Amino acid sequence: MREPAFWRTDGGRGSGALARALLSPLGHLYAWSVARRIRRTVPVKAGIPVICIGNLTVGGTGKTPIAQALLERLAGMGRQPAALSRGYGGKLAGPVHVDPDAHTAADTGDEPLLLARSAPAWISRDRPAGAAAIAASGADIVVMDDGHQNPGLAKDCSIVVIDGVAGWGAGTLFPAGPLREPVAAGLARADAVIVMMPGPQDTPDYAGLGLADLEIPVFHAWLEPAAPPPDGKLVAFAGIGRPQKFFDALTAAGARLAETADFPDHHPYSARDVDRLHDLAKAHEARLITTEKDWVRLGTDQRADILAWPVRASFANPAALDGLLRDVLDAANTDR
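Residues numbered from 1 in each chain as written. Predicted model: local features only at pLDDT ≥ 70, side-chain atom pairs only at ≥ 80, totals over all residues. Heavy atoms only, no water.

A. The environment of R40, seen in detail. In this structure, R40 sits in helix α1 (residues 15–40). What makes R40 exposed here is its relative accessible area of 59%. (Helix = DSSP H or I, 4+ residues; strand = E, 2+ residues; numbered from the N terminus. Buried < 20%, exposed > 50% of the residue type's maximum accessible area, 1.4 Å probe, protein only.)

Written out as structure tokens, the structure is:
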């Protein structure tokens, strides 16, 4: 879906305020249903540690790059991690071990294909069944991409990722705003928070986000390019939670953007979409560039002459993050 403009508008009058007011009762009903499900569900233990990377808002905050980073850091500690995803946007229910050579985004969704580059990745709409399959495969820790509001699988550590620029938007609950649940309720179940900023020089506003008095670790992170953008004019396109973040990052890295095109999050690109993008690039005598997440949603025959710009999550204090991971592993070993 494409994020409505009124989700990111504070207070005031006009059509945005009216839309939020009209949708507010549905938001409270949505939050009530989430809280009720969490309260009534008895989580199933996986038998191996589970780290959940979640958020409190609808749309992109950077969960998947964070999950990739944790998978790689855990592997560097000598562990055998595996990723678990619901497989949003894919047709397979799972549990299924993702094979990038055999599966497409139409099968598994786009995010599991990216996670499979860092570690074995599985999809399962039934999270406990997915975790059981991962444990049976020989992995010794699960990194679950999304699922903070899903109580079915017991979590040894829940990390909430926040977009430090967008924050909580207008502070209203879905569908009146981007919040999946009240901020206080979501943070009360978190064991750590990661605030994503445009770059290392951008300081998070912890007080403005309501994080100043938290008694859990709060980390500052950002996405940085794994490679510089290519030379020459570019037409950038993206179908992610906030496409402008991608365009801004390209510009900040020195890219020459002739034009941009945004699509709804998880957009499945049709042949007509790709033809129009190529026409746009031809008109500007430019090359097409997109995110890795969008690139994996393109068909194999559509990827010709389209560049993917890779980014990776970096942390202001990686040693402290590693300390958190070791604490989780130590506590899990003690409990078991």
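From this point, the discussion proceeds with the structure in view.
B. Structural context of the sheet that holds strand β7 (residues 192–197). Spatially, β3-β4-β2-β5-β1-β6-β7-β8-β13 is the arrangement adopted by the 9 strands of the open sheet, whose pairing is mixed. Of all the strands in the sheet, just β3 (96–97) and β13 (311–315) have a single pairing partner and so form its edges. Sheet analysis places β7 next to strand β8 (residues 218–225), joined by 5 bridges and oriented parallel. Following the sheet pairing, I194 is matched in β8 by F219. (Pairing = 2+ DSSP bridges.)

C. Focus on the side chain of H103. Following the sequence through the fold, H103 ends up in the loop between β3 and α3 (105–108). We classify H103 as buried; its relative accessible area is 18%. Excluding anything up to four places from it in sequence, H103 contacts L92, V96, H97, V98, T108 and L113. (Contact = heavy atoms within 4.5 Å.)

D. Broad picture of the environment of V42. Here V42 lies in the loop between α1 and β1 (50–54). Each C-alpha atom of the pair V42 and G152 lies 6.9 Å from the other, and the pair is 110 residues apart in sequence.

E. The arrangement of the environment of A83 in detail. Secondary-structure assignment places A83 in strand β2 (residues 81–85). Through-space distance from the C-alpha of A83 to that of V50 is 9.8 Å; in sequence the pair is 33 residues apart. Each residue touching A83, except ones within four places of it in the same chain, is listed here: L71, L115, P120, A121, W122, I134 and V143.

F. Representation of the sheet that holds strand β9 (residues 233–238). Taken in spatial order, the 4 strands of this open sheet run β10-β9-β11-β12, and their pairing is parallel. Each edge of the sheet is formed by a strand with only one pairing partner; in this case those strands are β10 (256–262) and β12 (306–309). Mean inter-strand twist for the sheet, computed between neighbouring axes without regard to direction, equals 30 degrees. Here 6 bridges tie β9 to β10, and the two strands are oriented parallel to one another. Looking across to β10, one finds that V235 is bridged to E259. Contacts between helix α8 (residues 271–284) and the sheet are confined to β9, β10, β11 (287–291) and β12, with β9 contributing the most and set at about 155 degrees to the helix. (Axes fitted to C-alpha atoms, helices over the stretch in contact; angles between N-to-C directions.)

So, to be careful, I would describe these as geometric facts and stop short of saying anything about function.
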